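Overview (structure and organization)
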Amino acid sequence: MYAATSHRTAPLRAVSSRAPVATRRSRVRSALLRRWREAQRAAAMNVPVGTVKRGRA
């Protein structure tokens, strides 16, 4: 049942399907977007920034 792929071919597929490594610029950009979105949500709910939970509680 599991003999279709040998134990040598399994890790190669896992490595190639991994997401690309984030560059410093993309990390900074995503952090800024996250802060901006949080500020927009706080403004929409009329509460101070930092009191709105982001993502999952």
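Look up: the structure comes first, before these words.
What this report covers is the structure whose coordinates are included nearby. (Residues numbered from 1 in each chain as written. Predicted model: local features only at pLDDT ≥ 70, side-chain atom pairs only at ≥ 80, totals over all residues. Heavy atoms only, no water.)

1. Regarding the overall build of the protein
A tally of helices and strands in the protein yields 2 helices and 0 strands. Per-residue burial for the protein yields a buried fraction of 5% across its 57 residues. For the protein, the exposed surface amounts to about 5,800 Å²; the carbon and sulfur share of it is 58%. (Helix = DSSP H or I, 4+ residues; strand = E, 2+ residues; numbered from the N terminus. Buried < 20%, exposed > 50% of the residue type's maximum accessible area, 1.4 Å probe, protein only. Areas by Shrake-Rupley, 256 points an atom, 1.4 Å probe, with all protein chains shown as cover.)

2. Notes on the environment of Ala42
In this structure, Ala42 sits in helix α2 (residues 24-44). For Ala42, a relative accessible area of 1% corresponds to the buried category. Each C-alpha atom, one on Ala42 and one on Val52, is 6.2 Å from the other, the two residues being 10 residues apart in sequence.

3. Thoughts on unusual backbone geometry
With a phi close to 60°, Asn46 is a non-glycine residue in the positive phi region. Look at Asn46 and you get exposed, because its relative accessible area is 73%.

4. Focus on α2
The end-to-end C-alpha distance of α2 is 30 Å, a good match for the 30 Å that 21 residues give at a rise of 1.5 Å each. Positioned one or two residues after α2, Asn46 has a phi angle of 60°, which is positive. (Expected span 1.5 Å × (residues − 1).)

5. Concerning the environment of Ala39
For Ala39, the location among the structural elements is in helix α2. Since its relative accessible area comes to 28%, Ala39 is described here as partly exposed. Separated by 10 residues in the primary sequence, Ala39 and Val49 place their C-alpha atoms 5.8 Å from one another.

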